[in-house]
Amino acid sequence: MNLLDETSNLLLNRREVRCAYPSVGNPGYASVLTALAQKLGVAEDVVVIKQLVNSYGTSDSVVYAFVYNSVDAKQKFEPKPKAKKGGAS
């Protein structure tokens, strides 16, 4: 995984990261999340993968992610998951 761009956003307590992820086939969000957390030396629960873009004809993917300073900052700014309709779980 190669880090392409990193921007610090002090207002939202996060870093906005863009990196290249070489893989065979379509990488899953879980494997990209684990690799990015290990590369940056942070816990997986403060990393949010926003977009995973694959290039046609190549084995490279571009990952756009947010790395928050703390779990509290992540919970404050990230949208909450929607509840299912009808109250069924």
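Just above sits the structure.
The model shown is predicted, which means the values in this text are computed figures rather than measured ones.

**Looking at the overall build of the protein chain**
And step 1. Broken down by element type, the protein chain carries two helices and four strands.
And step 2. In sequence order, the protein chain lays out its α and β elements as β-β-α-β-β-α.
And step 3. When burial is assessed residue by residue, the protein chain has 30% of its 89 residues classed as buried.
And step 4. A sequence separation of at least 24 residues applies to 44% of the contacts in the protein chain between residues at least 6 apart.
And step 5. Counting 11 positive and 8 negative side-chain charges, the protein chain places the averaged centre of each group 9 Å from the other.

**Looking at the packing of aromatic side chains**
And step 1. In total, this model carries one aromatic pair according to the counting rule given.
And step 2. The interplanar angle of 85 degrees and the centroid separation of 6.5 Å between the aromatic rings of Phe-66 and Tyr-68 together place this pair among those described as edge-to-face.
And step 3. Residue class for Phe-66 comes out buried when judged on its relative accessible area of 17%.
And step 4. Given the relative accessible area of 3%, Tyr-68 is considered buried.
And step 5. Looking at Arg-14, its charged tip hangs above the ring of Phe-66, at a distance of 3.7 Å from the centre.

**Thoughts on the nonpolar core**
And step 1. Among the nonpolar cores identified, the biggest contains 15 residues, and Val-32, Leu-36, Val-47, Ile-49 and Val-63 are the most heavily contacted of them.
And step 2. Contributions of two or more residues to this core are made by strand S2 (14-22), helix H1 (29-40), strand S3 (47-54) and strand S4 (60-68).
And step 3. For this core, the leading source of residues is H1, giving five residues.
And step 4. The contacts of Ile-49, once residues within four sequence positions are left out, are Tyr-29, Val-32, Leu-33, Leu-36, Val-63, Tyr-64 and Ala-65.

**As for the side chain of Ser-61**
And step 1. Relative to the helices and strands, Ser-61 is located in strand S4.
And step 2. Side-chain polar atoms of Ser-61 contact the side chain of Asn-54, separated by 2.5 Å.
And step 3. Ignoring anything within four residues of it in the chain, the contact list for Ser-61 reads Cys-19, Ala-20, Tyr-21, Ser-23, Pro-27, Leu-52, Val-53 and Asn-54.

Calculation rules
In this convention, every chain numbers its residues from 1, walking through the sequence in written order. Per-residue local features are limited, in this predicted model, to residues with pLDDT of at least 70; the limit for side-chain atom pairs, both in listing and counting, is 80 or more; totals at the level of whole chains, interfaces and linings are taken over all residues. Here the side-chain values reflect all heavy atoms present in the structure, with hydrogen atoms and water set aside. Under the scheme used here, helices are H or I runs from DSSP no shorter than 4 residues and strands are E runs no shorter than 2 residues, and both carry numbers assigned from the N terminus. Between buried and exposed lies partly exposed: a residue is buried under 20% and exposed over 50% of the maximum accessible area for its type, with that area taken using a 1.4 Å probe on protein chains only. Only heavy atoms matter for contacts: two residues are in contact if any of them lie within 4.5 Å across the pair. Under this rule, positive means Lys or Arg and negative means Asp or Glu; His and the chain ends count for nothing. For this purpose, a charge sits on NZ of Lys, CZ of Arg, CG of Asp or CD of Glu. Centre distance within 6.5 Å is the pairing criterion for rings of Phe, Tyr and Trp, where only the six-membered ring of Trp is used; planes under 30 degrees apart are then read as stacked, over 60 as edge-to-face, and the remainder as tilted. A positively charged side chain is recorded as over a ring if its NZ (Lys) or CZ (Arg) lies within 6 Å of the ring centre. The angle to the ring normal must also be within 35 degrees. By nonpolar core we mean a set of buried residues, namely Ala, Val, Leu, Ile, Met, Phe, Trp, Tyr and Cys, connected to one another through side-chain atoms within 4.5 Å. N or O atoms closer than or at 3.5 Å make up a polar contact, with two conditions inside protein: a donor-capable atom paired with an acceptor-capable one, and, for residues adjacent in sequence, both atoms drawn from side chains.

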